[in-house]
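Tertiary structure, described
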Amino acid sequence: MSNQNVSLNLPFTGIASFSKWDICTNLDQLDADVAVIGVPFDQSTQYRSGTRFGPRGIRDGSTIYGFGIGGTYDPERDVVFMGDQWKFVDCGDVDMIHGDQGQCHENTRKVIRKIISRGALPVVLGGDHSVTIPVVEAMDDIGEFTVIQFDAHLDFVDVRGGNRYGHGSPMRRLSECKHVNGMAQLGIRGIGSSKKSDFEEARKYGSKIFSVRDVRRLGIKETINQLPKSKQYYVTIDCDALDPSVAPGNGSPSPGGFDYYEMQELLEGIARLGKVVGFDFTEVAPMYDLSGVTNQTAARLILDFAGFILKEREK
Ligand SMILES: [Mn+2]
């Protein structure tokens, strides 16, 4: 018999906010520990577009993890993550102006500054990887931090055809930020996007670069040991760091990527290294994945990482 007084809020019902969290689109009233914000911008893509539908896709994929109360019980770790003492909201999307990258990025900076000023952890849903540039630029008054990138590609292109803000350039632009004090790049294996000189310049800047096979050779623990030490970290995840068999829904898939557990355990290790001040998950393009598993894997990794970050704050 059904109990008509209980709302099950099942994944396929209602409004698909991220993980069925409360919605707060008036940032002047933002009062939360974690704030999800979408940046549906895909005008900097060099191949297949479609990441403008990334935030919506990830939200859709996240609803399966959004029901239940009292936190998320992880049976493998025997730990409850994201318990009732924490507040989570979905802030909707940054307003996009079609054909105007400068304004889209400015709108993004403005929203991130607001989320930071309200004391919430920004969790950004891309969009192509260029959205990480305004996000990190806007985090210039919280002290220095090191950036950890997960990606098939180095994204260290300085300028291409006069454009310095393509989705192949975010790590170069971040290296120019005074408040970014170091960098590590994990999963790097793609060909055709970065030149040998880009790798040389990234290493000269001080970036530590790990391919997927480097991580497998070293193991997760030793990889974490070799990451740059810092009090604070920002993590940027490009969907193509994952193997295309795990996450086919992206514009520039690259064979040989991480599997889910490798990514999850690396994120767990990073959360323990220092304070994570924000993170993004970019380059999800749902239309290339009819199964929807990319949306779900992205949503799960976002929830996993938010849980690991908050668990450190509980200590
Ligand atoms: Mn990228």
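Nothing here was measured: the structure is a model prediction, and the numbers come from that model. (Residues numbered from 1 in each chain as written. Predicted model: local features only at pLDDT ≥ 70, side-chain atom pairs only at ≥ 80, totals over all residues. Heavy atoms only, no water.)

1. Thoughts on the coordination of the manganese ion
At the metal site, the manganese ion is ligated by H129 (ND1), D151 (OD), D155 (OD) and D238 (OD), and these contacts range over 2.1 to 2.2 Å. For the manganese ion, the single-chain donor residues occur in sequence as H-x21-D-x3-D-x82-D. Remark: D155 occurs in the loop between β7 (145-150) and α4 (170-175) and H129 occurs in the loop between β6 (121-126) and α3 (132-137); sequence separation between them is 26 residues. The same class applies to H129 as to D155, namely buried. (Donors = N, O, S within 2.8 Å, 3.2 Å for Na, K, Ca; no water. Helix = DSSP H or I, 4+ residues; strand = E, 2+ residues; numbered from the N terminus. Buried < 20%, exposed > 50% of the residue type's maximum accessible area, 1.4 Å probe, protein only.)

2. Notes on the pairing of strand β5 (residues 88-93)
With 5 of 6 residues buried, β5 lies mostly within the body of the structure. Across 2 bridges, strand β1 (residues 22-23) lies against β5 in parallel orientation. The residue bridging D22 from the neighbouring strand is V89, located in β5. Sheet analysis places strand β2 (residues 34-39) next to β5, joined by 4 bridges and oriented parallel. What sits directly across from A35, in β5, is V89. (Pairing = 2+ DSSP bridges.)

3. Examining helix α8 (residues 260-273)
For α8, which comprises 14 residues, the first-to-last C-alpha distance of 20 Å matches the rise-based estimate of 20 Å (1.5 Å per residue) to within 8%. Taking burial as the measure, the 14 residues of α8 include 10 buried ones, the bulk of the element. Residues of α8 that are buried: Y260, E262, M263, Q264, L266, L267, E268, G269, I270 and A271. On its buried side, α8 packs onto β7, α6 (212-218), α7 (220-225), β10 (232-238), β11 (275-282) and α9 (293-314). Put simply, D259 is the residue that caps the front of α8, since its side-chain oxygen is 3.1 Å from the backbone nitrogen of Y261. (Expected span 1.5 Å × (residues − 1). Contact = heavy atoms within 4.5 Å. Polar contact = N/O pair within 3.5 Å; in protein donor to acceptor, adjacent residues only side chain to side chain.)

4. Side note on the pairing of β2
Burial of β2 is extensive: 6 of the 6 residues sit out of reach of the surface. Both faces of β2 are covered, namely the face carrying V34, V36 and G38 and the face carrying A35, I37 and V39. When β2 meets β6, the two strands line up parallel, connected through 6 bridges. Residue pairing in the sheet places V36 in a bridge with V123 of β6.

5. Some details on the sheet that holds strand β8 (residues 180-186)
Taken in spatial order, the 9 strands of this open sheet run β1-β5-β2-β6-β11-β10-β7-β8-β9, and their pairing is parallel. Among the strands making up the open sheet, the edge pair consists of β1 and β9 (208-210). Taken together, the 3 bridges between β8 and β9 define a ladder with parallel strand orientation. Residue pairing across strands places Q185 opposite I209, the latter belonging to β9. Helix α2 (residues 101-117) contacts β2 and β6 of the sheet and is inclined by roughly 175° relative to β2. Sitting on the sheet, helix α5 (residues 196-205) is in contact with β8 and β9, with an inclination near 135° to β8. (Axes fitted to C-alpha atoms, helices over the stretch in contact; angles between N-to-C directions.)

6. So, the packing of aromatic side chains
Under the criterion given, the structure shown has 7 aromatic pairs. Centre to centre, the rings of F18 and W21 are 5.0 Å apart; their planes meet at 75°, and the pair counts as edge-to-face. Judged by its relative accessible area of 0%, F18 is buried. Note on W21: relative accessible area 12%, which makes it buried. Ring centres of Y260 and Y261 lie 5.1 Å apart, and the angle between their planes is 55°; this geometry places the pair in the tilted category. For Y261, a relative accessible area of 40% corresponds to the partly exposed category. Positioned above the aromatic ring of Y288 is the side chain of R48, whose terminal nitrogen or guanidinium carbon lies 3.9 Å from the ring centre. The ring of F81 has K311 sitting right over it, with the charged end atom 5.5 Å from the ring centre. (Phe/Tyr/Trp six-rings, centres within 6.5 Å; stacked < 30°, edge-to-face > 60°. Lys NZ or Arg CZ within 6 Å of the ring centre and 35° of its normal.)

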